[in-house]
Each structure stands twice: as structure tokens, then as C-alpha cells.
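Secondary and tertiary structure notes
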Amino acid sequence: SRGQWGLMEGKEAQPWVGMMANVTKSRCMHTWRGISAPGHRFRNERRLSEREIALFAQWSTQGAKEGLTENLMPAPVMDNSGWRLGTPDIVLTMDEAFEVPASGKDIYRYFVKKNAIPKDMVLVAIDFKPGDPAVVHHCNFFLDYDQRARKMDAKDPAPGFQVFGNGFMDYFGESNGQFPLGAWAPGGEPVKLPKDMGIPIPAGGDFVLEIHYHLNGKKTKDQSTVGLYLAKKPTTKTVTGLFVGTQDVKIPPGEKNYWRNFY
């Protein structure tokens, strides 16, 4: 939800007691649609149990008392860097600020950091700081090794570039130079890979941010930043990933039961 915010003290929660009871009962919050297989659970699963939902309702109707001070959770520890995993090894900031208009359709735009990978490295975590959180809906990260993005960028006089149709990623195999690296959305927490695990990143690539802007009635500028965290010691296990899906979706008019299979 883009309406997510933090509540650090009981008094901050007081104005929202009724709402919290209602949205937890309806399961509007936390929004979680993942279905776990028997005997398995998703990592960082955001699901409230029936008991937890009942406690919200009970707490709401019984005056929303703060409870005992000794039961308070410890305050989160943050360093002075402002990054959730500490100071990154590599910081990549958009070369120019992008002007976001006050109104209109949502904007999907790509921004290129040329020669962002100067040497072979092993990635263990990635974090993202939106320049203006009020308009950045989400961001996808890519590596580009055949300069596909910078060629598109050169044709667009404004910061970054916009692609219509199939987008920047080549889903149909004409180019083998683009690789997805991760994504960020509001509420997402950076995850550091377990010990001895890492994502090998060859030297020579451009870093590409695909940002979805949701206009909110106020003209603004965005200059977002990505932080990369590298392995300090050799890793023994390689982590990789892939897209499962297609953009080749053609639903015939009137079709009520359309299927696409991916292999």
C-alpha cells in the first residue's frame, strides 16, 4: 500500500485505532496473497494470524491502552548513513533530476548509469532510495551489457528515455545483453544474502533503473539512488534468477477464459 507509514509510539496510533481494527479484520492490511505449499512458508511472510486480528479488535474496543513499558520493542538501530544496511560499497544516483508533472497518465521511464560496473564483483544486497517518495511507485533494476539502454537514451533529449510496446527488456531473444537484478516498492526491505552466497556481476555493464511515477497533483523532481553491497570474501554459492512470463498477451474480444502458458 502506498499509504504505509511508521508508528513508533502508542500515542501516534491512537487516531487510527478503529481503522487498524477494520483493515486487519478485512485483511486489506497487510495485503498478502501468497499461498504457501504444505509445510513451507514464504520468507518474510506478511500475514496476520486469526489471533492477531482478534487482538486488534479487542484492543480497539477496550480503549487502545499502551500496555507495560517494559514490554516495548527496542527502537530500530540506524547508522548515520541513512541506508538500512549501512553505507553501500557503490552508490549510483541518477545523472539528472527528472521533472514529474502535476497531472496526467502514469510515467514509466528508464535511466542509465553508464559504465556502472568497473570491475568483476559479487553482489550480496541492493537498496533503493526514491528521490521523491510521493511519486515513485516502484523501481526495477537491470544490467545492460550491449548498450541497448544508452542508445535509446541518446534519442531522447530529456533525462532518461521512455519505451512503448515491449519495454526495455528484450523478452523475445533478440538480445542477450540485459539482465534483471531486482526491484523496489514501498514497504520493501533490503535483504542481504546468507553467508557464502552472492550474485556474480561481470565488469563492463551499464546500470538501468526503470521507475514508475504515479502523479499526485503536485509538480516535482525526482533523482533516485541505488546502493550496492558487495561480498568482502569469496563466495561458494551462486545466486541467479529469471523472469517467468511474457508480454505477448492478446485477448480476443469477448473471451471470458483466456490462458497463457509459460515454459
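Residues numbered from 1 in each chain as written. Predicted model: local features only at pLDDT ≥ 70, side-chain atom pairs only at ≥ 80, totals over all residues. Heavy atoms only, no water.

Section: the overall build of the protein chain
Tallying secondary structure elements over the protein chain gives 4 helices and 11 strands in all. Burial status across the protein chain gives 30% buried among its 263 residues. A separation threshold of at least 6 residues defines the contact pool for the protein chain, and within that pool the share at least 24 residues apart is 82%. Counting every atom, the protein chain has about 17,800 Å² of accessible surface; 54% of that belongs to carbon and sulfur. (Helix = DSSP H or I, 4+ residues; strand = E, 2+ residues; numbered from the N terminus. Buried < 20%, exposed > 50% of the residue type's maximum accessible area, 1.4 Å probe, protein only. Contact = heavy atoms within 4.5 Å. Areas by Shrake-Rupley, 256 points an atom, 1.4 Å probe, with all protein chains shown as cover.)

Description of the sheet that holds strand S8 (residues 206–213)
Pairing is antiparallel in the open sheet, where 4 strands are placed in the order S3-S8-S5-S6. One side of each edge strand has no neighbouring strand; the edge strands of this open sheet are strand S3 (107–113) and strand S6 (178–184). Between one strand axis and the next, the sheet turns through 20 degrees on average, direction left out of account. Two elements, strand S5 (residues 136–144) and S6, share 6 bridges in a ladder whose sense is antiparallel. Considered in S6, the bridge of cysteine 139 is made with tryptophan 184. (Pairing = 2+ DSSP bridges. Axes fitted to C-alpha atoms, helices over the stretch in contact; angles between N-to-C directions.)

Some details on the packing of helix H2 (residues 17–25) against helix H3 (residues 50–61)
For the pair H2 and H3, the least separation of the axes is 9 Å and the interaxial angle reads 155 degrees. The pairing of H2 with H3 is recorded here as roughly antiparallel in orientation. The chirality of how H2 crosses H3 is left-handed. Residue-level contacts link Val17, Gly18, Met20, Ala21, Thr24 and Lys25 of H2 to Ile53, Phe56, Ala57, Trp59 and Ser60 of H3. For the contact of H2 with H3, the class distribution of residues is 7 nonpolar, 3 polar and 1 charged. (Parallel < 35°, antiparallel > 145°, perpendicular 65-115°, else oblique. Left-handed = near helix turned anticlockwise from the far one by under 90°. Nonpolar A, V, L, I, M, F, W, Y, C, P; charged D, E, K, R; others polar.)

As for the nonpolar core
Within soluble globular proteins, side chains that are nonpolar generally end up buried alongside one another. By size, the foremost hydrophobic cluster in this structure holds 29 residues, and its most contacted members are Phe141, Phe207 and Tyr213. Elements with a minimum of two residues in this core: strand S1 (90–93), strand S2 (98–100), S3, strand S4 (121–129), S5, S6, S8 and strand S10 (225–230). Not counting chain neighbours up to four residues away, the residues in contact with tyrosine 213 comprise Met94, Phe98, Val100, Asp106, Ile107, Phe111, Val135, Val136 and Asp222. Ranked by size, the runner-up nonpolar core spans 6 residues in total, among them Phe142, Ala149, Phe161 and Val208. (Core = buried A, V, L, I, M, F, W, Y, C linked by side-chain atoms within 4.5 Å.)

A short note on the sheet that holds S4
Pairing in this open sheet of 5 strands is mixed, and the strands run S1-S10-S4-S7-S11 from one edge to the other. Two strands lie at the open edges of the sheet, namely S1 and strand S11 (237–238), each paired on one side alone. The pairing of S4 with strand S7 (residues 197–201) spans 3 bridges and is classified as antiparallel. When the bridges of S7 are listed, valine 122 appears paired with proline 200.

A closer look at unusual backbone geometry
Leave glycine aside and you will find that most residues have negative phi; peptide bonds, for their part, are mostly trans. Although it is not a glycine, arginine 27 sits at a positive phi angle of roughly 65 degrees. If you check the backbone angles, alanine 64 has positive phi at about 50 degrees while not being a glycine. On the secondary structure map, alanine 64 appears in the loop between H3 and S1.

Section: H3
Given a rise of 1.5 Å per residue, 12 residues ought to cover 16 Å, and the 17 Å separating the end C-alpha atoms of H3 matches this to within 8%. Following H3 by one or two positions, glycine 63 has its phi on the positive side, about 95 degrees. (Expected span 1.5 Å × (residues − 1).)

Structural notes on H2
Restricting attention to buried positions, one finds in H2 the residues Val17, Met20, Ala21, Val23 and Thr24. The inward-facing, buried residues of H2 contact helix H1 (10–13) and H3. The positive-phi residue at the C-terminal boundary of H2 is arginine 27, with phi of around 65 degrees.

A word on the side chain of glutamate 210
Following the sequence through the fold, glutamate 210 ends up in strand S8. One buried charged residue, glutamate 210, forms no salt bridge at all, with the nearest opposite charge on arginine 109 at 12 Å. Of note is the side chain of glutamate 210, whose polar atom sits 2.9 Å from the side chain of tyrosine 110. Every residue in contact with glutamate 210, bar those within four places of it in the chain, is listed here: Tyr108, Arg109, Tyr110, His138, Cys139, Asn140 and Phe142. (Lys, Arg positive; Asp, Glu negative; His and termini not counted. Salt bridge = Lys/Arg side-chain N within 4 Å of Asp/Glu carboxyl O. Polar contact = N/O pair within 3.5 Å; in protein donor to acceptor, adjacent residues only side chain to side chain.)

Re a nonpolar patch on the surface
Side chains of Leu7, Trp16 and Met19 sit close together on the surface and give an oily, nonpolar patch of about 250 Å² of accessible area. Looking at the element boundaries, leucine 7 is found in the segment before H1. You can call leucine 7 partly exposed: its relative accessible area is 32%. (Patch = residues over 30% accessible without salt bridge, like charges linked within 9 Å, V, L, I, M, F, W, Y side chains within 5 Å.)

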